[in-house]
Amino acid sequence: VMSRYLRGGGFMFIEGNPWYLTKMVHHVRDALDDEGRLLQIPFDHPIYHSYYDLPGGFPGERRGRVDLSTLTDDPWFYPDLATRHRSPYLGLWGAEWQGELVAVFSPQQVLGLGRPETTKTPWLRAATNVVVYALTREGSVAERRPPGFWAYSSSR
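Let us look at the structure shown here. (Residues numbered from 1 in each chain as written. Predicted model: local features only at pLDDT ≥ 70, side-chain atom pairs only at ≥ 80, totals over all residues. Heavy atoms only, no water.)

1. Here's the deal with the environment of Met-24
Phase 1 of the analysis: As for its position among the elements, Met-24 is in helix H2 (residues 18–31).
Phase 2 of the analysis: Looking at Met-24, the relative accessible area reads 12%, which means it is buried.
Phase 3 of the analysis: Measuring from C-alpha to C-alpha, the distance between Met-24 and Ile-14 comes to 7.8 Å, with 10 residues separating the pair along the chain. (Helix = DSSP H or I, 4+ residues; strand = E, 2+ residues; numbered from the N terminus. Buried < 20%, exposed > 50% of the residue type's maximum accessible area, 1.4 Å probe, protein only.)

In structure tokens form, the structure reads like this:
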């Protein structure tokens, strides 16, 4: 079911602790039959700019670069806890299939909207970007309709 969903234009945003994210990476990899790859999502990716411009990433997203070429040649490598000791802030990672981002793995609580005592605005902006990206990306399962009549200007 997950394979058909992701290959058919579906999108997943998965957040949680490192153990959970590692398990979910394996599930997505299995669903895609090892096709595709996992990558650290760069700050210039459309998910950071699909509605709000978030050039420094999502709220609380700090990252250190991990040079995966020195660690493994596995295109589905997700940094484990030992790797995180060298660079604990890894930011968003994504599963890419046929050049499209089909799943995002987040150690931050983006859709959980942060801690209760903090202002919600930054998290709402990040969540808005996730939804807008998922609905407007190429190959999305979202149904597209022409704009309503009010969107067209009269040329009288």
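Text resumes after the structure shown.
2. Quick notes on the pattern of salt bridges
Phase 1 of the analysis: Taken as a whole, this structure holds six salt bridges when the rule is applied.
Phase 2 of the analysis: A salt bridge links Arg-7 to Glu-35; its shortest N-O distance comes to 3.3 Å. Residue Arg-7 is located in helix H1 (residues 2–7), and its partner Glu-35 is located in the loop between H2 and strand S2 (37–40); the two are separated by 28 residues in the primary sequence.
Phase 3 of the analysis: Looking at Arg-7, the relative accessible area reads 26%, which means it is partly exposed.
Phase 4 of the analysis: Here Arg-29 makes a salt bridge to Asp-34, at a shortest N to O gap of 2.7 Å.
Phase 5 of the analysis: A network of salt bridges, in which partner residues are shared, links Arg-7, Asp-33 and Glu-35. (Salt bridge = Lys/Arg side-chain N within 4 Å of Asp/Glu carboxyl O.)

3. With respect to the nonpolar core
Phase 1 of the analysis: Ranked by internal contacts, the top residues of the largest apolar core, which has 17 residues, are Ile-14, Val-28, Leu-32, Leu-38, Trp-76, Ala-95 and Phe-105.
Phase 2 of the analysis: Those elements giving two or more residues to this core turn out to be strand S1 (12–15), H2, strand S3 (93–97) and strand S4 (100–106).
Phase 3 of the analysis: Counting residues per element, this core draws most heavily on H2, at four residues.
Phase 4 of the analysis: With near-sequence residues (within four places) excluded, Phe-105 lies in contact with Ile-14, Leu-21, Met-24, Val-25, Val-28, Leu-38, Gly-91, Leu-92, Trp-93, Gly-94 and Ala-95.
Phase 5 of the analysis: One finds Ile-41, Tyr-48, Val-110 and Val-130 within the second-largest nonpolar core, a separate group that totals 15 residues. (Core = buried A, V, L, I, M, F, W, Y, C linked by side-chain atoms within 4.5 Å. Contact = heavy atoms within 4.5 Å.)

4. Some details on the sheet that holds S1
Phase 1 of the analysis: Reading across from one edge, S1-S4-S3-S2 is the order of the four strands in this open sheet, with mixed pairing throughout. Sheet topology places S1 and S2 at the edges, where each strand pairs with a single neighbour. Across this sheet, the average inter-strand angle for adjacent strands is 25°, counted without regard to direction.
Phase 2 of the analysis: Examined bridge by bridge, S1 and S4 share four bridges and lie parallel to one another. In the sheet register, Phe-13 faces S4, and the bridge partner there is Val-104.
Phase 3 of the analysis: Each of S1, S2, S3 and S4 is contacted by H2, which is oriented at about 155° to S1, the strand it contacts most. (Pairing = 2+ DSSP bridges. Axes fitted to C-alpha atoms, helices over the stretch in contact; angles between N-to-C directions.)

5. Overview of the packing of aromatic side chains
Phase 1 of the analysis: Counting across every chain of the model gives five aromatic pairs.
Phase 2 of the analysis: Ring plane angle 65° and centroid distance 5.0 Å describe the contact between Tyr-48 and Phe-58, whose orientation is recorded as edge-to-face. Here the residue Tyr-48 occupies a position in the loop between S2 and helix H3 (81–86), and Phe-58 occupies one in the loop between S2 and H3, the gap between them amounting to 10 residues. Grouping residues by exposure puts Tyr-48 and Phe-58 together as buried.
Phase 3 of the analysis: In this structure, Arg-125 is placed above the aromatic ring of Tyr-52, and the distance from its NZ or CZ to the ring centre is 5.2 Å. (Phe/Tyr/Trp six-rings, centres within 6.5 Å; stacked < 30°, edge-to-face > 60°. Lys NZ or Arg CZ within 6 Å of the ring centre and 35° of its normal.)

6. Focus on the environment of Gly-16
Phase 1 of the analysis: Of note, Gly-16 is situated in the loop between S1 and H2.
Phase 2 of the analysis: Taking the C-alpha atoms as reference points, Gly-16 and Gln-108, 92 residues apart in sequence, are found 7.2 Å from one another.
Phase 3 of the analysis: Among residues more than four places away in sequence, those in contact with Gly-16 are Leu-21, Ser-106 and Pro-107.

Keep in mind these numbers describe shape, not what the thing actually does.
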